[in-house]
Structures are given as structure tokens and as C-alpha cells.
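Each chain is listed here by its residues.
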Amino acid sequence: LSCKVATAHDGKSRGYGFVHYETEEAAKQAIERVNGMQIGEKTVEVQGFLKRDERDSATIFTNIYAKNLPEGFDEDKLKSMFGEF
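Calculation notes
- Residues numbered from 1 in each chain as written.
- Predicted model: local features only at pLDDT ≥ 70, side-chain atom pairs only at ≥ 80, totals over all residues.
- Heavy atoms only, no water.
- Helix = DSSP H or I, 4+ residues; strand = E, 2+ residues; numbered from the N terminus.
- Buried < 20%, exposed > 50% of the residue type's maximum accessible area, 1.4 Å probe, protein only.
- Contact = heavy atoms within 4.5 Å.
- Areas by Shrake-Rupley, 256 points an atom, 1.4 Å probe, with all protein chains shown as cover.
- Pairing = 2+ DSSP bridges.
- Phe/Tyr/Trp six-rings, centres within 6.5 Å; stacked < 30°, edge-to-face > 60°.

Asks: Help me understand the overall build of the chain in this model?
Replies: Helix and strand counts for the chain come out as two helices and six strands. Along the chain, helices and strands appear, N-terminal first, in the series β-β-α-β-β-β-β-α. Here the chain holds 85 residues, and 32% of them are scored as buried. In the chain, 56% of the contacts between residues at least 6 apart in sequence involve partners at least 24 apart. With an accessible surface of roughly 5700 Å², the chain has 43% of that area assigned to carbon and sulfur atoms.

Here's what the structure looks like:
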């Protein structure tokens, strides 16, 4: 499991991040369980991540993209949230 929260120059969360799993099955479970989850006042959206040039062709993925993360959300919180899959 590898996690990265996107941050601005001042170190504050930009509200999205990426999680890389070893298997496609783990990534799919994370999407199913976490997508739509309410954290504070935010509803988290999670989907499979594909590079822009791969978006029409790839069907197997192990990277996911999560957005609408609450302000102050860091990589430890992201790992905690997605680590069980």
C-alpha cells in the first residue's frame, strides 16, 4: 500500500490523493467501500485512476483516486482509511 495526498506549496491538503494497491481486487474493494463515505462535511469520491493517455484503453488498475478529502487530511489518515483492503 502506497498513499499520497496532494498538497499546496504551504503544505495544506488540496483535497485529493492517490492510493496504490498490490492487486486490482483490493483497489476495487476500496472503491466499493469508501466511495460516497461521509467524512465531516465532505462526501469522499473514489474511482480507479488512469493516466490521461490511458483513459480509453486500460481496464485493469491498482491505483485509485480519492477526492473531496477534508482539509487537514494527511497521508497517515489516507493510509488508515484505505489500508484494510
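So much for the structure itself; the text now carries on.
Asks: Teacher, can you tell me more about the pairing of strand β1 (residues 2-7) here?
Replies: Here five bridges tie β1 to strand β2 (residues 13-20), and the two strands are oriented antiparallel to one another. By the bridge assignment, S2 is partnered in β2 with H20. Where β1 folds back onto β2 in an antiparallel hairpin, the turn is made up of five residues, including G11, whose phi is positive at roughly 90°.

Asks: Just to check I follow, could you spell out the packing of aromatic side chains for this structure?
Replies: Summed over all chains, the structure comprises three aromatic pairs. A centroid spacing of 5.9 Å and a plane angle of 90° characterise the contact between Y16 and F18, whose relative ring orientation is edge-to-face. Taking relative accessible area as the criterion, Y16 reaches 24% and is therefore assigned partly exposed. By relative accessible area, which is 28% here, F18 ends up partly exposed. Judged by centre distance (5.8 Å) and plane angle (45°), the ring pair of Y16 and Y65 falls under tilted. Here Y16 is found in strand β2, whereas its partner Y65 is found in strand β6 (residues 63-67), with 49 residues between them in sequence. Here the aromatic residues Y16, F18 and Y65 are joined through ring pairs into a cluster of three or more.

In short, geometric facts, not functional conclusions.
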